[in-house]
Amino acid sequence: MKAKSIKGNSTEEISAALSGSMTDGFKPTLAIVFLSMKQDRNAISKLLGEKGVSVFGATTNGEFIDESLGRESVVMLLLDMNPAYFNVLFTEYPEKNYREVARQQAEKAKQLFPN
């Protein structure tokens, strides 16, 4: 598995960095993303989805990459992990029943990955 980290201050910068990271044949399948709430998370998600990259991420109040700290930016770790080895599950919990939702997600994960 290879991994590369990229950063940017806009969707356009992330798009360019993502394209640049792939010039050597690198094909990421998973992105661990941290981005400022001031960034367009929907556009970033769409960009990654169009490239076939699953997203695991969070909004933050400060983003870190390669021992530096950013503000109002986007940073991500791109991985070329075999898609059979991971699954991103998402469930909303509007009633704030996070313990029950977490239990249900754990049950789903156990069905997907019994080992």
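As a reminder, the structure under discussion sits directly above these lines.
Residues numbered from 1 in each chain as written. Predicted model: local features only at pLDDT ≥ 70, side-chain atom pairs only at ≥ 80, totals over all residues. Heavy atoms only, no water.

Participant: What's the story with the pattern of salt bridges in this structure? I'm lost.
Facilitator: Oppositely charged side chains are able to pair whenever their charged atoms sit close together. Across all of its chains, the model carries five salt bridges by this definition. Salt-bridge contacts for Lys46 lead to Glu50; the nearest nitrogen and oxygen are separated by 3.8 Å. On the criterion of helical spacing, the pair formed by Lys46 and Glu50 is a turn pair, its members being four residues apart in helix H2 (residues 41-50). Residue class for Glu50 comes out exposed when judged on its relative accessible area of 58%. Two residues, Glu107 and Lys110, come together in a salt bridge whose shortest N-O distance is 3.8 Å. Of this pair, Glu107 and Lys110 both sit in helix H3 (residues 98-112), three residues apart, roughly one helical turn. (Salt bridge = Lys/Arg side-chain N within 4 Å of Asp/Glu carboxyl O. Helix = DSSP H or I, 4+ residues; strand = E, 2+ residues; numbered from the N terminus. Buried < 20%, exposed > 50% of the residue type's maximum accessible area, 1.4 Å probe, protein only.)

Participant: Just checking my understanding: could you explain the sheet that holds strand S1 (residues 3-8) for this structure?
Facilitator: Adjacent strands of a sheet pair through backbone hydrogen bonds, lying either parallel or antiparallel. Here four strands make up an open sheet; going across it, the order is S1-S6-S2-S3 and the pairing mixed. Every other strand in the sheet has two partners, leaving S1 and strand S3 (54-60) as the edge strands with one partner each. Strand after strand, the sheet turns through a mean of 15° between neighbouring axes, direction not considered. As defined by bridge partners, strand S2 (residues 30-36) adjoins S3 across seven bridges and the pair is classed as parallel. Its bridge partner being in S3, Ala31 is matched across the sheet by Val55. Across the sheet, helix H1 (residues 11-21) touches S1 and strand S6 (74-79), and the angle it forms with S1 is around 155°. Each of S2, S3 and S6 is contacted by H2, which is oriented at about 165° to S2, the strand it contacts most. (Pairing = 2+ DSSP bridges. Axes fitted to C-alpha atoms, helices over the stretch in contact; angles between N-to-C directions. Contact = heavy atoms within 4.5 Å.)

Participant: Where do I start with the pairing of S2 in this structure?
Facilitator: Side chains on a regular strand alternate between the two faces of the sheet. The element S2 is largely enclosed, with a buried count of five among its seven residues. In terms of handedness, the path from S2 via H2 over to S3 forms a crossover that is right-handed. Here S2 pairs with S6 via six bridges, running antiparallel. Across the sheet, residue Phe34 finds its bridge partner in S6, namely Val75. (Right-handed = clockwise from strand over helix to strand, strands pointing away.)

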